[in-house]
Amino acid sequence: MSNKQSPWSAFSGPNLGYVMEQYDLYLQTPEEVDSELVSLFQQYGAPSIGNSSELSTNAPISAGSSNDFDKIIRAIQLADAIRSSGHLAANIYPLNDGPKNESKIDIKTYNLTEQDLIEVPVTFLISNAPRNITNGLQAIKHLKAVYTTNIAFEIAHIVEPEERAWLQNRIENGVIKEDLSADEKKKLLKRLTQIEGFEKFIHRTFVGAKRFSIEGLDTLVVLIDELVRQSDKTQTKQVNIGMAHRGRLNVLTHVLNKPYEMMFAEFAHVPTESFLPKDGSLELSEGYYGDVKYHKGASYHSKSGLTVQLAYNPSHLEVVSPIVTGQTRAAQESTSMPGFPVQDKNAAFAILVHGDAAFPGQGIVTEVLNYSRVRGFQTGGSIHIIANNMIGFTTEHYDSRSTHYSSDPAKGYEVPVIHVNADDPEAVLGVAKFAIEYRKQFGKDIVIDLLGYRRYGHNEMDEPLVTNPTMYHLIHKHPTVRELYGQQLVKDNLIESKEIQSLDESIFNGMQQAYDRVKELPQSTAHEIVIPEAVLNGMPEIQTGVAEQQLKQINEELLIWPKEFSAFKKLEKILKRREEPFKGKGKVDWGHAETLAFATILQDGNSVRLTGQDAQRGTFSHRHLVLHDETTGAELTPMHYISDAKASFVVYNSPLTEAAVLGYEFGYNLEDNNSLSIWEAQYGDFANMAQVMFDNFISAARSKWGLKSGLVMLLPHAAEGQGAEHSSARLERYLQLAAENNWTVANLSSAANYFHILRRQAKMLKEEAIRPLIIVSPKSLLRHPLVGADVAELTTGQFETVIEQPGLGKNTKKVQKIVFASGKLAIDLADKVKDGAGYEHLHIVRIEQLYPFPTEKLQAIIEKYPNAKQLVWAQEEPKNQGSWNFALPYLLELANGKEISYVGRVDRSSTAEGDIDTYKVEQARIIEEAVKSI
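For the structure given in this document, a descriptive report is provided here. For every chain, the first residue of the written sequence is number 1, and numbering continues from 1 onward in sequence order. Local features in this predicted model are restricted to residues whose pLDDT is 70 or higher, and side-chain atom pairs enter the listing and the counts only when it is 80 or higher, whereas totals over whole chains, interfaces and linings include all residues. Hydrogens and water molecules were not included; the side-chain quantities draw on all heavy atoms of the structure.

Structural notes on unusual backbone geometry
Then comes step 1: At the junction of Tyr-851 and Pro-852, the peptide bond is cis and its omega measures out at -10 degrees in the coordinates.
Then comes step 2: Counting from the N terminus, the helices are the DSSP runs of H or I reaching at least four residues and the strands are the DSSP runs of E reaching at least two. By the secondary structure assignment, Pro-852 is in the loop between β23 (849-851) and α29 (855-863).
Then comes step 3: The residue Met-390 is not glycine, and still its phi comes out positive at about 65 degrees.
Then comes step 4: With respect to the helices, strands and loops of the structure, Met-390 is situated in the loop between β9 (383-388) and β10 (417-421).
Then comes step 5: Classification of Met-390 as buried rests on a relative accessible area of 9%.
Then comes step 6: A positive phi angle is found at Asn-493, which is not glycine, with a value near 60 degrees.
Then comes step 7: Counting through the fold element by element, Asn-493 comes out in the loop between α16 (481-491) and α17 (497-519). In this scheme, a residue with accessible area under 20% of its type's maximum is buried, one over 50% is exposed, and one in between is partly exposed, where area comes from a 1.4 Å probe on protein chains only.

Some details on the pairing of strand β5 (residues 307-310)
Then comes step 1: Of the two faces of β5, both are covered, the one formed by Thr-307 and Gln-309 as well as the one formed by Val-308 and Leu-310.
Then comes step 2: By the convention used here, strands pair only if DSSP detects at least 2 bridges between them. Inspection of the sheet shows strand β2 (residues 238-242) paired to β5 by 4 bridges, in the parallel sense. Note that in β5 the partner of Ile-241 across the bridge is Leu-310.
Then comes step 3: In terms of strand pairing, strand β4 (residues 298-301) meets β5 through 4 bridges, oriented antiparallel. Across the sheet, the residue bridging to Tyr-300 is Val-308, located in β5.
Then comes step 4: Where β4 hands over to β5, the hairpin turn is made up of 5 residues, of which Gly-305 adopts a positive phi near 105 degrees.

Side note on helix α22 (residues 659-671)
One turn of an α-helix holds 3.6 residues; hence residues three or four places apart share an orientation.
Then comes step 1: Taking 1.5 Å per residue as the helical rise, α22 with its 13 residues ought to reach 18 Å, and the 19 Å between its terminal C-alpha atoms agrees with that figure.
Then comes step 2: Here α22 lies mainly inside the structure; 11 of its 13 residues are buried.
Then comes step 3: Turning to α22, its buried residues number three or more, namely Ala-659, Ala-660, Val-661, Leu-662, Gly-663, Tyr-664, Glu-665, Phe-666, Gly-667, Tyr-668 and Asn-669. One fewer than the residue count of a helix, multiplied by 1.5 Å, yields its expected span.

Some words on the side chain of Arg-248
Then comes step 1: Mapping Arg-248 onto the fold places it in helix α9 (residues 248-254).
Then comes step 2: Positive charges come from Lys and Arg alone, negative charges from Asp and Glu alone, with His and the N- and C-terminal ends not counted. For this analysis, a salt bridge means a side-chain nitrogen from Lys or Arg found within 4 Å of a carboxyl oxygen belonging to Asp or Glu. For the buried residue Arg-248, which engages in no salt bridge, the nearest side chain bearing the opposite charge is Asp-291, 8.6 Å off.
Then comes step 3: Contact partners of Arg-248, with chain neighbours within four places excluded, come to Met-243, Tyr-294, His-295, Lys-296, Gly-297, Leu-310, Ala-311, Tyr-312 and Asn-313. Any two residues having at least one pair of non-hydrogen atoms within 4.5 Å are treated as being in contact.

Overview of the environment of Gly-280
Then comes step 1: Inspection of the secondary structure puts Gly-280 in the loop between α10 (260-268) and β3 (282-283).
Then comes step 2: Gly-280 sits 468 residues away from Leu-748 along the chain, and the two C-alpha atoms are 44 Å apart.

Observations concerning the sheet that holds β2
Then comes step 1: Ordered in space as β1-β10-β11-β9-β8-β2-β5-β4-β3, the 9 strands form an open sheet in which the pairing is mixed. Strand pairing shows two members of the sheet lacking a second neighbour, β1 (151-154) and β3, which therefore form its edges.
Then comes step 2: As defined by bridge partners, β1 adjoins β10 across 4 bridges and the pair is classed as antiparallel. Across the sheet, residue Glu-154 finds its bridge partner in β10, namely Val-417.

Concerning the packing of helix α28 (residues 823-833) against helix α31 (residues 916-931)
Then comes step 1: Axis angles are defined between N-to-C directions and span 0 to 180 degrees, where every axis is a line fitted to C-alpha atoms and, for a helix, only to the segment in contact. Viewed as axis vectors pointing N to C, α28 and α31 meet at an angle of 70 degrees, and their least axial separation amounts to 10 Å. Classified by the angle their axes make, α28 and α31 are roughly perpendicular. α31 is crossed by α28, and the crossing has right-handed handedness. Judged by residue contacts, Lys-824, Leu-825, Asp-828, Leu-829, Lys-832 and Val-833 of α28 engage Tyr-919, Gln-923, Ile-926, Ile-927, Glu-928, Ala-930 and Val-931 from α31. Relative orientations are named as follows: roughly parallel for angles under 35 degrees, roughly antiparallel for angles over 145 degrees, roughly perpendicular for angles from 65 to 115 degrees, and oblique for any other angle. Should the near helix be turned anticlockwise from the far one by less than a right angle, the crossing is left-handed, and should it be turned clockwise, the crossing is right-handed.

So, the packing of helix α19 (residues 548-558) against helix α21 (residues 590-603)
Any two packed helices are characterised by the angle at which their axes cross and by the distance between the axes.
Then comes step 1: Taken N-terminus to C-terminus, the directions of α19 and α21 make an angle of 105 degrees; their axes are 10 Å apart at the nearest point. What the angle tells us is that α19 and α21 run roughly perpendicular. Residues Gln-550, Leu-551, Ile-554, Asn-555 and Leu-558 of α19 lie in contact with α21, whose contacting residues are His-592, Thr-595, Leu-596, Ala-599, Thr-600 and Gln-603.
Then comes step 2: When residues are grouped by polarity, Ala, Val, Leu, Ile, Met, Phe, Trp, Tyr, Cys and Pro land in nonpolar, Asp, Glu, Lys and Arg in charged, and all others, Gly among them, in polar. Grouping the amino acids of the contact of α19 with α21 by side-chain chemistry returns 5 nonpolar, 6 polar and no charged.

Re the nonpolar core
Then comes step 1: Among the buried residues, those of types Ala, Val, Leu, Ile, Met, Phe, Trp, Tyr and Cys that are joined through side-chain atoms within 4.5 Å form a nonpolar core. Residues Phe-598, Phe-694, Ile-698 and Phe-820 are the most contacted members of the largest nonpolar core, which totals 120 residues.
Then comes step 2: It is α21 that provides the largest number of residues to this core, a total of 8 residues.
Then comes step 3: The contacts of Ile-698, once residues within four sequence positions are left out, are Leu-662, Phe-666, Met-693, Leu-711, Met-713, Trp-743 and Pro-772.
Then comes step 4: Leu-189, Phe-264, Ile-351 and Val-481 belong to the second largest nonpolar core, which has 119 residues in total.

Some details on the sheet that holds strand β15 (residues 649-653)
Then comes step 1: Strand order in the open sheet made by the 7 strands is β15-β12-β16-β17-β19-β18-β23, with mixed pairing throughout. Bordering the open sheet on either side are β15 and β23, each of which pairs with just one other strand. The sheet shows a mean angle of 20 degrees between the axes of neighbouring strands, direction not considered.
Then comes step 2: The sheet strands contacting α22 are β12 (607-612), β16 (675-680) and β17 (712-714), and the helix crosses β16 at an angle near 170 degrees.
Then comes step 3: Helix-sheet contacts for helix α26 (residues 751-763) involve β16, β17, β18 (744-747), β19 (773-776) and β23, and the interaxial angle to β19 is about 170 degrees.

Things to note about helix α14 (residues 425-442)
Then comes step 1: Between the first and last C-alpha of α14 there are 26 Å, a value that for 18 residues agrees with the 26 Å anticipated at 1.5 Å per step.
Then comes step 2: Within α14, 13 of the 18 residues are buried, which leaves the element mostly enclosed by the surrounding structure.
Then comes step 3: Where α14 terminates, the next one or two residues include Gly-443, which has phi positive at roughly 60 degrees.

Remarks on the pattern of salt bridges
Then comes step 1: Here the structure, examined in full by the defined rule, presents 46 salt bridges.
Then comes step 2: Between Arg-623 and Glu-594 there is a salt bridge, with its nearest N and O atoms 2.7 Å apart. Within this pair, whereas Arg-623 is found in the loop between β12 and β13 (627-628), its partner Glu-594 is found in helix α21, the two being separated by 29 residues in sequence. Glu-594 matches Arg-623 in its accessibility class, with the two residues each being buried.
Then comes step 3: Overlapping salt bridges bring together Glu-196, Lys-200, Arg-482 and Asp-504 as one network.

Now the structure itself:
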C-alpha cells in the first residue's frame, strides 16, 4: 500500500524511525506495542520509507528492502544507545581510573558496518543535524563526539518529551562546546593560577594547617565563577551558595572576594577587621562564640548590583542545602502586599555544592530534590554541583554507594545530569552556561557532576597512601589542571612556557606581599566572649492586646466567602461558631486565637508563612486556614481578604519531610526578617527527624555566626494515651540546648497566651533581641474550655510567662504546697481543683515559659506564701524526660529551705505507656498526688 493511502507519510526523521522500531517489535512481541500502533500495523502493514521526503538525495536505500529496513532500525538503536549510554564510555575521569564500557555503543554490537551506516539517511538519526553531516556514519561519529568526550550526559530518564528533545537538540547541535578567544584562554589560565597559587601559598606558609584544599577540583571555582557571571547577564539579583568545607576558603577568596589579607590573618591568628574592604562590598557576620574558618560564610555585593552569598555551614555537609533553598525562595518573593507572595524566580537562585560520598549517602539531599518542584518550596531550579573527589574521608566509592555514579539519586526526580572532566576548564565553562540556560528554560534543578580527585588527604595532616595507595600513586604522578591547561596553550602557540612561570611567580609574590602586611600586626590573644546586651536582657514585655472592634471585624471578614464558593457544610457550621465569643457566648479556642493573631500581624505589616505536614487544616482539624470547595476542590484562603492587611499570608502543606523543610523555613526567615515564619510538626516527635537542624543551626547560629532568627516551631505534645511517639515532643532536648537566651521554649495552657506570644514574636522580628521560639503545643486541649479565651483577654495584656491558677491561693497563710506545672498537666490539675473549694492548702502555678526560666516572677509568688513548706514540680513525662531535670537547679535557688519534690512518672526508656487504660491509671495517680495535702 502506498504512503498516499497510509498514515506513514505523516512521519519523518526520528519519528518515522520510532515507528519503524515499533513495527520491528510488533513482529516479535505485539503485546508490548501501543494498541493504536498495533491497529495501524494491522491495517496498513509495514511503514514505508520509499517516498519519504526526508531521505537524502544520495541515499541508495530502496523502498521495499527488508534488509535495508533492518539496517535502519539497528542504526537508530545505535544512535539511541549513544544518547543513553555514551556516558559510560566518556573521558570524564582525570586520572583515567574510572570504569568504561564501550560495548553498548560499538557498531559491531548492532551487526553494522561503516558502509551500512553510510547508507542510512542522517534524518533517521539526528534532527536538525549540522550541515557538514551528510550520512549516517558521520551522524554516528558526531553523536559519539558529543556524548563520549570530556562531557557526558544522562537525560534518558527525563519524562517530558519536549524537555528531552530540547536537551538533545542543544547537546547535538554543539552549543555546549565553549569557543574561547585567545585573551579569554589566557584569562582562564590566570584564574587557574590564582586558585592553585592560593592553596600552594597556604600549604607552604602555614604547614600542617587545616584548609581542606580544593586541589584536584580547581575548576569548581571556575564553574561557580561562570555561574555568577551568567547571573549578571540574566539580571539576577542574588546567588546563594551552599557548600561543605572542601574548597570553601578558595571560594570565599576568589568568588566572594574576601581579601587574601583577611584569610591569611585568620591562619596567622591576627585581627582581620583592618583588612575588611571599606566600600561595603563584603559583609561578614561573627558570633560571640565563633567557629572555625572553613565553616564561615560571607556576602559580596558587586558593582552591578548582584549579591553573592555563601551560607554559614557546620561540618555536617549536606544539611545546608535546605537552608540555602529557603533563603533563595525568600529572596525571590515580595511579601509586602496582601494575598500570596509574588515570586520572581529570576531574582535569585541556589548553587548547592555536594560531596560525592554525601550526595547519595545523606537522605536530606533527596528531600531537597523532592520538594524542588513543589509549589510551596520550588525556587525555579537549583544548580547542584557534585565536587567529586572519587573518595570520601578514606572510603572508596565501592564502599560508599550502591549506584554507578554518585549523582544517580537525582535521576529519580527527572533531573538532568551532566558529568564533566574537572581537568578540562573550557568544558566546565560550557557546562556552566548550559546549566543556566536549562534553568531559565524549564525552571528545574540540574546536576553537574564535576569529576576530579583530591590531591592531599581529607585534611592536610592525613597521609592518604596509608588507606588509598592505588589512587594516590596515580595522583602524585598527575599534573595539576593549571599545568595541563598551560601546556595546551603552549601547544596552541598562545603563550610561551616562560610566561606561565612568570605568571605563577607574580601571583605567588602578590600573596606574599599580602601576608607581609598581615605580619605587621601583632598576634591576637584568645578573644573575650561577649554576649550582646540585647541577648542577655531577654525578650521585653510588650503589650500585644488588640481592640475588640478590630478583632470583631476581622472575625466577620474571615467568615464571609464568595457566593460561588461551596464550603463543606459541617465545616461551615463549625467555623460559624467563631461568631459566638463576640456575642458573649463561648470561648475563643486555640485555632481561633491563632487565626486572629495572624490577621492582626498582617495588619501590622508582617507577612506570615506557615508550613508543615497537613498544616492548612491542622493535624487535629483545628485550623482550617485554607478551605476547599465541596464541589470543585478549589482553594480559598479567607485571610487574603481581610481589610487593612499590609503583607502576604500563606500556609502550605509540606512534603512528608522534617529536616529539610525545617531547614528551609530557617533559611527563609534568615533572608526575610519581616516574615513570621512558622514550622509545625505533625506530631511533636516528628521533630526527631529534624534534630540536626536544631543542633547545628537553630540553637546556635547566633553564637557561632551572629545570625539572628525569629523562626517559630510548633511541636504538638502531651500524654493522652496515644502511645510513646505521639505523646512527647522531646521537650527535654530543647531545654538541654537552652543557654545564653538562645531561644524561647514555651509549654502553653492558654489560647490567649498563644495569641499574645505570636504577636510578641512578630513585633520583635527586626529587633536585636529576637530569637527562635519553640512552642510545645496542645492536642486534646485545642478545644478545652479551660484553655479557651474570653475576647477581653485578647484586647489587653501581654504574653504571661507564668499564670497563677484562678481560685487558688486566696488565703496566703493556709497555702502549704505550691505546685508548678506546664501545658496539658496544668489543665488536668485545673480541671481537678475546679474553683478551688477544698484546696486551701494548695496553690498551682502554670509555667508557660520554661526557658528563659521565669525565676523572678516565681520568687515573687513564693514569697506571698510564708507557710509554704513544699515546692512540687509536676509533669506527665517520665522523670528522666520532660522539664524536671532542667527546672531542678532553679527550684533549688528558689526553695530557701523548703522541700522540693517531684510528681510524675518514674524514669523510663520510652516516653509513654502503650495502651490507654494503663495511661489513665498513671495519669490519675499523678493528679491525685500533686493536689493532695501534705
